[in-house]
Every structure is written in C-alpha cells, then in structure tokens.
Amino acid sequence: MSQSIVVFATSRNPTREDLFARAEEISADLSRRAAELDREGRPPLSEIVKLKNAGLLNALHPTEIGGGGLDWVDGLKLVRILARGESSIGQLLGYHYVNSQYVYWALEGARAHALGSETVARNLYWGAAVNPRDPGLVLTRRGNGYVLNGRKSFSTAARVSDYINANAALDDKIAGFAVPTNRPGYVANDDWDNIGQRLSDSGSVEFHDFPVYEEDFVGAPAAPDAAAPVLSTFNTPFIQLVFVNFYLGTAEGALKAAVDYVRTTTRPWITSGVERAADDPYILERVGEFTAAVKASAALADSAAAAVQAGLARGRNVTARERGEAAAEAYAAKVHATHVSLDITSRVFELTGARSTADKYRFDRFWRNVRTHTLHDPVFYKAREVGEFVLNDRIPEVSLYS
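A quick note: this is a predicted structure, and the numbers were derived from the prediction, not measured. (Residues numbered from 1 in each chain as written. Predicted model: local features only at pLDDT ≥ 70, side-chain atom pairs only at ≥ 80, totals over all residues. Heavy atoms only, no water.)

**Digging into the overall build of the protein chain**
Phase 1: Scanning the protein chain for helices and strands turns up 11 helices and seven strands.
Phase 2: Taking 2.2 N^0.38 as the reference for a compact globule, 402 residues should give roughly 21 Å; the C-alpha atoms of the protein chain span a radius of gyration of 22 Å, in line with that estimate.
Phase 3: Reported as C-alpha extents along the three principal axes, the dimensions of the protein chain are approximately 80 × 55 × 40 Å.
Phase 4: A burial count over the protein chain gives 53% of its 402 residues as buried.
Phase 5: At a minimum sequence separation of 6, the contacts of the protein chain that also span at least 24 residues come to 77%.
Phase 6: With the model as given, the accessible surface of the protein chain reaches about 17600 Å², and the carbon-plus-sulfur share is 54%. (Helix = DSSP H or I, 4+ residues; strand = E, 2+ residues; numbered from the N terminus. Rg over C-alpha atoms; globule rule 2.2 N^0.38 Å. Buried < 20%, exposed > 50% of the residue type's maximum accessible area, 1.4 Å probe, protein only. Contact = heavy atoms within 4.5 Å. Areas by Shrake-Rupley, 256 points an atom, 1.4 Å probe, with all protein chains shown as cover.)

This is the structure we're talking about:
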C-alpha cells in the first residue's frame, strides 16, 4: 500500500489555528485512504505518528509545558474533524485526551505537572486498561513493589499506547495507577476483529508479572465502594463527549462522501425529469434533512462540552451536584448523536444509489463504525439517566459508564 506523507514542522506551543489546520489536513488524507485502511484493519501506528508530529496529542496540555493550551470544547472539535476522515482515528485521539488529562484531575499539583511535562516532552500516547465489565486485574506485593496479573478483553489503542491508566484489586481495595507499556509483562493481542472501528486497535491485553511501583499509583488504594473525589470523576462525561463527537464526525464524513458521489457519479432517476442527480428534488430534500440533523446535533454537542468544561474549571471546588448537572447535558448529547449518526450513516445510500454499494467504495464503513461503538454502553440507559434528571431531579450516579 502506498502511504500519503503528511509532514509538519513540529514545535512547542502550536497555535489554535495550527492545530485545527493540521487536523483538517490529516483528516483529508485519511479520507482519501479510508476504504483501504478499513479493508486492511491494521494497527494505526503511522497514523498515531502523524498525530504526534502535528502536535495534536498535546493540544490540551498547558502552554507552559509546551502544549497547545486548548480547552475541551476545542479538543472535542478536533476529535470530530479527524473522525470525518476515519472514525477510529477520531476515537483514538479522544481516548488519548481523556486518559492523558485524567492525571490533572486525580493527582495533586506537583505530580500531575511532572507527568504532564513528561507526556509533552516525550510526545506520549495514552491508553487505558479499565474495562469495568471484565474481571479485575490483580496486584500482588513482591519485593519493594508489586506485580500485576490478569487480562482485559478490550483495550482501545492496545498496541499503540506508550502509557496507560489501569486499576486492579489490591487485597480488599482498588488501586489506580499510570504505567508505561514498555515494561516487561505487557502483552497486546492482535484479536480485534469486529465489523467496525477496525483501526481502533481495541484487542485484548494481558499482564504477566508486570511490575508496578508505589510512585505509579494515582491516589491511595480505596475500598471498592468508596466515593471518589468529584474532580476525578470527570473522565466519564468527557469520554461520553468523545463518543458524541466521533459519532458526529463519522456522520459528517458519510454525508460529505455521499454528496461528492452524487455530484460526480449518481445518475438521475428515469422519472425525475432532471438531467443531474444533484437536481433531483428527493435527493435535495434528504441532503437538507441530513445536514440540518447533523448541524443540530453538533450544536448540542458543543453546548454540552461547554457545560462540562465549566464544571471542570471549578477544580477541586466542584460539587457532585454541579458535576451531575453537567453530565446530564453530555448524556443528552450522547442520546441525540447516537440516533443521528446511525440514521445518516445508514441512509446516505438513498442519495448515492445501488452502484455505491460496491466494495471498492466501502461506504458501509461509516455505519459499521458507529454501529459497533454505539453498543459500548446502551443508549437507552443514557436516555433513562437524562429522564431521571429532568423528571425526578436525580443526577446520574457516578461510574465508569456514567
């Protein structure tokens, strides 16, 4: 396969304009190669390198340590831009943002600053091994530290991660920690074979006597039912907003691909009375409806991002109520984006026609991508949480899903 080369002059403190322009360029390159990338389904090693070279991994880190200094509203827009080109790459950027920013919410100032500075200086990609529906990993004391053993059946960015967040049982408590993946005992398996998000590198990982040290811990081990500090729970509404934005980016990419195809390839229907498919009144109506739907959902997503960003800005003074109100905004956006993205990615074929179902186009990848990931956590539970908040004034319970 021939690779397109995207080269950037890397520098510390890229401007907002730099970051958005680079994201657009990478997205356009991904779009040109998306069908082939989807067909191959390989780990996106070179794509992650491009994100690193563009400075996109460090976009949310403070400018004083060399990051871009963007807020979450802008960061999530970058996720959406990349997902237009290839949904998995949008997902991977968003996951990295949540995983790498978590240290600022969970750690005290000096340690968070040190780990953030290392992340920027070394341009690290952050993943996680925290799937809560798997049996837990287990830490055991050994010598001056610990060893980690166990398996997670899904771990997005399993093979491309430089650092990961993880948690494990330690005696009768749960310990959270952040560790590099280049230590001995980390095994990322090539067993992700799902119909969509084929570049998300979401296979299983195993830990075999993987060394963990006290300095790796993110906070003190706590009882499984202990309430976490409110600030450290912002990872969930933000990861849900990552979902929202790469779903919408995928829908936007599908609509753009369909519009381009209609302009260049689709033939008018024999009873339409027009010479170009682009003048067909039914195609025009659908393009208008789809465009309105995705624009409305994107506006809701940006509004929700601003609400969660405002809660985060209160730092350690943020209350559980404030967090819950912001989370409800994010979950409303999740419900809407799920329905809109599934609808548009499945119905763009109404614009493009039968010939567009040829395998060479792989236009079905847009639907396969959102269909695969929207099953991550059932959307009807998110709708229920929004309903509980509106009807009964109950804020969402805190978990890795809500």
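The discussion continues.
**Concerning helix 11 (residues 379-392)**
Phase 1: For helix 11, with 14 residues, the first-to-last C-alpha span of 19 Å sits near the 20 Å given by 1.5 Å per residue.
Phase 2: Taken as a whole, helix 11 has its buried residues at Val379, Lys382, Glu385, Val386 and Phe389. Along the axis of helix 11, the buried positions cluster into a sector of 120°, meaning they face one direction only. Within helix 11, the exposed residues directed more than 90 degrees away from the buried face are Phe380, Arg384 and Leu391.
Phase 3: Along its buried surface, helix 11 packs onto helix 6 (235-264) and helix 8 (320-347).
Phase 4: Once helix 11 finishes, Asp393 follows within two positions and takes phi at roughly 60°, a positive value. (Expected span 1.5 Å × (residues − 1). Arc of directions from axis to C-beta.)

**Details of the pairing of strand 5 (residues 173-180)**
One face of the sheet, then the other: side chains in a regular strand alternate in exactly this way.
Phase 1: One ladder, built from eight bridges, connects strand 4 (residues 163-170) with strand 5; its direction is antiparallel. Bridge pairing links Ile164 to Val179 in strand 5.
Phase 2: A loop of two residues connects strand 4 with strand 5, the two strands running antiparallel in sequence, and Asp171 in this loop sits at a positive phi of about 60°. (Pairing = 2+ DSSP bridges.)

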